[in-house]
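For reference, the chains in residue letters:
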Amino acid sequence: MRKTIVAGNWKMNGSSESIKSLMGALTAGVVAVDGLETLVCPPAPYIGLVADLKGESPIALGAQNVSAQESGAFTGEWSLGMLQDLGCSHVILGHSERRSLFGETDADVADKFVAAVDADVIPVLCIGETLEQREAGQTIDVVSAQVDAVLNQAGSERFMNAVIAYEPVWAIGTGLTATPEQAQEVHAAIRAQLAQADADMAAKLPILYGGSMNAGNAAELLAQNDIDGGLIGGASLKADEFLTICAVAAERRK
Ligand code: PEP
């Protein structure tokens, strides 16, 4: 059975105080379940604080972005080595906000993906279509091109140590959610595409859904065959909501 992952993307939210309170609730409420990974991705300046606060709890730590460069004159950037130094096991790559607001291209994302896997940091590769593309019937083509851009550069072997998050752009932060059937259709298509490169890898790769997942809709989304967890934005900032989603995911492991 594939791993189930519940990942929180805190985006650019929080303060030392709010993060202490959120982590206090999460460490008190999180339960260790075989095959279930709980991950939080704080803003970069707070990664060290969260590393301290998580202590020995079964909460893994990730970043929301990273440079593909190792070190040097890259003002405002941080490296995979630095993330590892702070205890990060994962990094979100190619989030739609990075693509649309900061001009990240498929090629940039592919470079970061290769660098992350080679540094032993697990990339959470985000892909997804805009509303315009969905309405034009281009969803599978768009998502498949985003996967191909990374697959062609990184090779299928690197996907053995990766996670994909399907995040329809129109569902991120909007309160709109893909229906379980819409999400399952895309997840299955991604898995079928990867299977053409390596069936074993495709069968093992966790594919998360992201886009306004919350305590109310997690059960029906996570019940789908090819949905292996969630990448959660807004609802990950509320301990109760996030822990409820973790509990739903834990049920799925039974
Ligand atoms: C995200 O930022 O990856 C996300 C899915 O956000 P939200 O859950 O708020 O839609």
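Details of the structure are given in the entry above.
Residues numbered from 1 in each chain as written. Predicted model: local features only at pLDDT ≥ 70, side-chain atom pairs only at ≥ 80, totals over all residues. Heavy atoms only, no water.

Q: Lay out the sheet that holds strand β7 (residues 207–210) in plain terms, naming residues and giving numbers.
A: Overall, parallel pairing links the eight strands, which are arranged β1-β2-β3-β4-β5-β6-β7-β8 in a closed barrel. The sheet shows a mean angle of 25° between the axes of neighbouring strands, taken without regard to direction. Where β7 lies against strand β8 (residues 229–232), two bridges are found, and the strand directions are parallel. Within the sheet, the bridge partner assigned to tyrosine 209 lies in β8 and is glycine 230. Along the sheet face, helix α2 (residues 47–54) touches β2 (36–41) and β3 (59–63) and points at about 175° away from the line of β3. Against the sheet, helix α11 (residues 239–252) engages β1 (4–9), β2 and β8, with an angle of about 170° to β1. (Pairing = 2+ DSSP bridges. Helix = DSSP H or I, 4+ residues; strand = E, 2+ residues; numbered from the N terminus. Axes fitted to C-alpha atoms, helices over the stretch in contact; angles between N-to-C directions. Contact = heavy atoms within 4.5 Å.)

Q: I'd like a rundown of the site of the ligand, residues and numbers included.
A: Among the 14 residues in the neighbourhood of the ligand, the closest are listed as Lys11, Glu167, Gly173, Ser212 and Gly233. Here an oxygen atom of the ligand sits 2.8 Å away from a polar atom, N or O, in the main chain of glycine 233. For the ligand, whose free accessible area comes to 290 Å², the fraction covered by protein is 96%. Looking at side-chain class alone, the shell around the ligand contains four nonpolar, eight polar and two charged residues. (Near = heavy atom within 4 Å. Polar contact = N/O pair within 3.5 Å; in protein donor to acceptor, adjacent residues only side chain to side chain. Areas by Shrake-Rupley, 256 points an atom, 1.4 Å probe, with all protein chains shown as cover. Nonpolar A, V, L, I, M, F, W, Y, C, P; charged D, E, K, R; others polar.)

Q: Before we move on, could you go through the packing of aromatic side chains and cite the residues and values that matter?
A: This structure, assessed with the given rule, holds two aromatic pairs. A ring pair is formed by phenylalanine 113 and phenylalanine 159, whose centres lie 4.7 Å apart and whose planes are at 35°; its orientation type is tilted. Here phenylalanine 113 is found in helix α5 (residues 106–118), whereas its partner phenylalanine 159 is found in the loop between α7 (139–154) and β6 (163–166), with 46 residues between them in sequence. Phenylalanine 159 matches phenylalanine 113 in its accessibility class, with the two residues each being buried. Here arginine 98 stacks its cationic end above the ring of phenylalanine 102, 4.3 Å away from the centre of that ring. (Phe/Tyr/Trp six-rings, centres within 6.5 Å; stacked < 30°, edge-to-face > 60°. Buried < 20%, exposed > 50% of the residue type's maximum accessible area, 1.4 Å probe, protein only. Lys NZ or Arg CZ within 6 Å of the ring centre and 35° of its normal.)

Q: Explain unusual backbone geometry residue by residue, including any values.
A: Its identity as a non-glycine residue notwithstanding, lysine 11 has a phi of 50°, on the positive side. For lysine 11, the location among the structural elements is in the loop between β1 and α1 (16–29). Take lysine 11: its relative accessible area is 18%, and that puts it in the buried class. In this model, aspartate 120 sits at a positive phi of 70°, which is unusual for a non-glycine residue. By the element assignment, aspartate 120 lies in the loop between α5 and β5 (122–127).

Q: Got a sec to walk through α5? Specific residues and values, please.
A: Because each turn of an α-helix spans 3.6 residues, side chains separated by three or four positions in sequence point in the same direction. Over its 13 residues, α5 extends 18 Å from the first C-alpha to the last, a length consistent with the 18 Å expected when each residue adds 1.5 Å. Taken as a whole, α5 has its buried residues at Val109, Ala110, Lys112, Phe113, Val114, Ala115, Ala116 and Val117. Tucked into the core, α5 has its buried residues touching α3 (80–85), β4 (90–93), α4 (96–102), β5 and α7. One or two residues past the end of α5 sits aspartate 120, with phi positive at roughly 70°. (Expected span 1.5 Å × (residues − 1).)

Q: Describe the side chain of arginine 191, with residues and values.
A: With respect to the helices, strands and loops of the structure, arginine 191 is situated in helix α8 (residues 180–197). Accessibility expressed as a relative area gives 8% for arginine 191, which makes it buried. Polar side-chain contacts of arginine 191 include one of 2.6 Å to the side chain of aspartate 226. In this structure arginine 191 touches Arg2, Ala202, Ala203, Leu205, Ile207, Asp226 and Asp228, once residues within four positions along its chain are discounted.

From the geometry alone we can't say anything about function, so treat these as descriptive.
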